[in-house]
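# Secondary and tertiary structure notes
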Amino acid sequence: MSTPSGPVTSTDPQPAAPDAVADDRPTGFLRRLFSFGAPADAPQGQPDATAQSEVPQRRHSLQNLRRMRVEDVAIPKAEIVSVPITASQADLVGVFRESGMTRLPVYQGTLDTPVGLVHLKDFALKHGWNSAAKFSLKALLRPLLFVPPSMPIGVLLQKMQTERRHMALVIDEYGGVDGLVTIEDLIEQVIGEIEDEHDEEEDALWTREPSGSYLVQSKTPLEDFEQAIGRSLTDDDSVDEEEIDTLGGLVFMLAGRVPARGEVVLHPDGHEFEVIEADPRRIKRLRVRLAAPAPAEES
């Protein structure tokens with residue numbers, strides 16, 4: 001791979017290459033991230049096959065930094081965990097404990113009027129070992145980063161690195177809050193899921209509930225789950241068995257999109273798939289309620 005030894009000095013206007021970064025090349029961590037594993041002869045300007053295929057999970061790739069937008073990875077507004085500026089110390093502790101978050105947006109009145117964010121570390125250093133200290137949420141606020149939904153995630157990642165921010169709020173055209181994105185969300189589009197020591201391990205792919213329904217991870221192989229329940233979920237003509245490997249893929253195909261958390265997707269045979277956990281990019285967990293077997297199946 002050849003690299004220019006100095007800046008281009010030609011004065012003739014020339015069209016820039018689609019992926020040229022010229023004088024705006026990322027620095028530090030982001031430069032290493034862009035250069036690591038990038039093929040030297042990768043064709044430019046050609047659509048990626050994975051961008052055209054309708055699958056519930058995107059392929060992790062450095063190309064996502066240019067191809068994907070903030071709106072593709074942001075957490076929807078309805079799922080943002082935040083606190084009002086009037087929250088007491090006990091309220092703040094409760095939200096930190098229940099959510100497991102280390103950073104929380106703080107708003108005045110409604111979430112559409114954010115005033116900053118509060119970091120668990122700042123709260124712990126000031127109040128964790130001295131409960132007698134006077135509590136002031138306003139004194140703990142850090143500035144927030146606001147970004148449009150159309151911004152490429154590679155640009156946002158560089159901006160977060162430069163400004164040393166780990167969280168950004170997505171603002172719509174009317175100035176209201178549309179979603180939230182973290183630096184972890186962006187990096188996961190390149191290297192895959194990031195789990196730490198606080199993430200719950202999910203060894204069992206599915207469990208049977210007392211009600212008779214199943215709590216299932218979306219990555220469960222469809223063939224294994226069908227064997228466990230003694231039913232085929234791909235007999236219907238509207239379901240293409242060859243294109244489906246996981247239960248999440250089946251639900252995605254039935255819905256025609258990534259369904260939202262709490263949504264119920266119906267199977268042609270009467271089964272119900274309730275989305276228990278999901279984000280804008282993928283389904284994570286499902287509750288499966290099987291329909292009563294037909295008389296022919298019972299015999």
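About the thresholds
Residues numbered from 1 in each chain as written. Predicted model: local features only at pLDDT ≥ 70, side-chain atom pairs only at ≥ 80, totals over all residues. Heavy atoms only, no water. pLDDT = per-residue confidence, 0-100. Contact = heavy atoms within 4.5 Å. Axes fitted to C-alpha atoms, helices over the stretch in contact; angles between N-to-C directions. Helix = DSSP H or I, 4+ residues; strand = E, 2+ residues; numbered from the N terminus. Parallel < 35°, antiparallel > 145°, perpendicular 65-115°, else oblique. Left-handed = near helix turned anticlockwise from the far one by under 90°. Salt bridge = Lys/Arg side-chain N within 4 Å of Asp/Glu carboxyl O. Nonpolar A, V, L, I, M, F, W, Y, C, P; charged D, E, K, R; others polar. Buried < 20%, exposed > 50% of the residue type's maximum accessible area, 1.4 Å probe, protein only. Arc of directions from axis to C-beta. Polar contact = N/O pair within 3.5 Å; in protein donor to acceptor, adjacent residues only side chain to side chain.

## Regarding the confidence of the model for the protein chain
Here the protein chain averages 77 in pLDDT, while 70% of its residues score no lower than 70. A low-confidence stretch, residues 1-27 stays under pLDDT 50, and its non-local contacts, those more than four residues away or across chains, total nine contacts. Under a pLDDT of 50 for its full length, residues 34-58 has, in the predicted model, 28 contacts with residues more than four places off or in other chains.

## Quick look at the packing of helix H5 (residues 89-99) against helix H6 (residues 120-128)
At a minimum axis distance of 12 Å, the contact between H5 and H6 shows a crossing angle of 135 degrees. Relative to H6, H5 is oriented oblique. Of the two elements, H5 crosses H6, and the hand of that crossing is left-handed. Here H5 contributes Gln89, Leu92, Val93 and Phe96 to the contact with H6, which in turn contributes Leu120, Phe123 and His127.

## With respect to the environment of Gln89
Among the structural elements, Gln89 can be located in helix H5. When the C-alpha positions of Gln89 and His127 are compared, they lie 9.0 Å apart, and in sequence the two are 38 residues distant. Contact partners of Gln89, with chain neighbours within four places excluded, come to Phe123, His127 and Phe135.

## Here's the deal with the pattern of salt bridges
The final tally for this structure, using the stated rule, is 10 salt bridges. Members of the salt-bridge network, linked through shared partners, are Glu209, Glu272, Glu274, Arg287 and Arg289.

## Remarks on the packing of helix H7 (residues 153-163) against helix H8 (residues 183-191)
Look at H7 against H8: their axes get within 10 Å of each other, and the N-to-C directions meet at 130 degrees. In terms of their interaxial angle, H7 and H8 are classed as oblique. The way H7 lies across H8 gives a crossing that is left-handed. Where H7 approaches H8, its residues Ile153, Leu156, Leu157 and Met160 are matched on the opposing element by Ile183, Leu186, Ile187 and Gln189. A class-by-class count of the residues in the contact of H7 with H8 yields seven nonpolar, one polar and no charged.

## Let's talk about helix H9 (residues 222-229)
Of the residues making up H9, those classed as buried are Leu222, Phe225, Glu226 and Ile229. Looking down the long axis of H9, one finds its buried residues gathered within 100 degrees of arc, a one-sided arrangement. Exposed residues on H9 whose side chains face more than 90 degrees from its buried face are Glu223 and Gln227. In this structure, the buried residues of H9 make contact with strand S8 (206-208), strand S9 (214-217), helix H10 (247-255) and strand S12 (283-289). Two residues or fewer past H9, Gly230 is found with a positive phi of approximately 70 degrees.

## Overview of the side chain of Ser218
One can find Ser218 in the loop between S9 and H9. On the accessibility criterion, Ser218 (6% relative accessible area) is buried. A polar atom in the side chain of Ser218 sits 2.5 Å from the backbone oxygen of Ile283. In contact with Ser218, not counting residues within four places along its chain, are Thr246, Leu247, Gly248, Ile283, Lys284 and Arg285.

## What to know about H6
Every α-helix winds through 3.6 residues per turn, so residues three or four apart in the chain are directed the same way. Of all the positions in H6, only Asp122, Phe123 and His127 are classed as buried. Down the axis of H6, the sector holding all buried residues measures 95 degrees, keeping them to one side. Those residues of H6 that are buried are in contact with H5 and strand S4 (110-119).

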